[in-house]
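Survey of secondary and tertiary structure
The chain contents come next:
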Amino acid sequence: MKTFIKCFIFSVLSLKGSLVLSEKNVLGGELEKCSRSGMAMTGYTRDGKCADTPGDMGSHHICIDLSSTKGGNFCTVTGQPDWCSENSTCDGNPEEECPIEHWCVCQWAFARYIQKAGGCNNIQTIECEAINVEAIKAYEMYQEEDIEIKNALNCINERCIK
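Cut-offs and rules
Residues numbered from 1 in each chain as written. Predicted model: local features only at pLDDT ≥ 70, side-chain atom pairs only at ≥ 80, totals over all residues. Heavy atoms only, no water. Disulfide = S-S within 2.5 Å. Helix = DSSP H or I, 4+ residues; strand = E, 2+ residues; numbered from the N terminus. Buried < 20%, exposed > 50% of the residue type's maximum accessible area, 1.4 Å probe, protein only. Pairing = 2+ DSSP bridges.

What follows deals with the state of the cysteines. Note on terminology: a disulfide is the covalent bond linking the sulfur atoms of two cysteines. What the rule picks out here adds up to 6 disulfides. A sulfur-sulfur distance of 2.1 Å marks the disulfide that ties Cys75 to Cys84. Taking the torsion about the sulfur-sulfur bond, which here is approximately 90°, the covalent link between Cys75 and Cys84 counts as right-handed. Note on cysteine connectivity: Cys120 is disulfide-linked to Cys155, with sulfurs 2.1 Å apart. The sign of the S-S torsion, about 65°, decides the handedness of the disulfide formed by Cys120 and Cys155: right-handed. With Cys120 in the loop between helix H3 (107-117) and helix H4 (133-142) and Cys155 in helix H5 (residues 147-161), this residue pair connects regions lying 35 residues apart in the sequence. Exposure remark for Cys155: the relative accessible area of 1% places this residue in the buried category.

Here you go:
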């Protein structure tokens, strides 16, 4: 419930400021696509990007490679139904179904995943060029009140920004 409340509050705060969507990644460059040809199409609006989208209560800003099981199945570890092992509409070919591989996950579920998997060194690959900078902004806002959030911020900084 705590995670849902954070998602809701951050979504409202994001909408209150402006409707300009962030298209920058955590490295400061243009936000790249998370999903690619041969993978299921990801993104809150299924455009392949972890874009900052009004109405996205989960803030699906983190691009993670779900094809690896290092750290355990993301869905199982975070207590979700196992959509991670499903197929969905292919990126670049809407007539076919492809496996879910690189996927935009909720930044709050990602923070919980790091904690439950045993830390940043025990999780799957993250795609830095496709992680929305809005995740960093949100993590910075909440890091002092939640150790999971602080650990998620540190993980992205360690793996992407160094």
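Turning to the pairing of strand E2 (residues 87-90), a few remarks are in order. Sheet analysis places E2 next to strand E3 (residues 93-99), joined by 4 bridges and oriented antiparallel. The partner of Asn87 across the bridge, within E3, is Pro99. Count of turn residues in the E2/E3 antiparallel hairpin: 2 residues, of which Gly92 carries a positive phi of about 90°.

All right, on to unusual backbone geometry then. Backbone geometry follows two general trends: most residues other than glycine have a negative phi, and most peptide bonds adopt the trans configuration. If you check the backbone angles, Arg46 has positive phi at about 55° while not being a glycine. In this structure, Arg46 sits in the loop between helix H1 (2-17) and strand E1 (62-65). Judged by its relative accessible area of 45%, Arg46 falls in the partly exposed class. Notably, Ser59 is not glycine yet its phi reads approximately 45°, a positive angle. Inspection of the secondary structure puts Ser59 in the loop between H1 and E1. What makes Ser59 buried here is its relative accessible area of 3%.

What follows is about the environment of Asp52. With respect to the helices and strands, the residue Asp52 is situated in the loop between H1 and E1. It is 9.1 Å that separates the C-alpha atoms of Asp52 and Ala135, two residues lying 83 residues apart in sequence.

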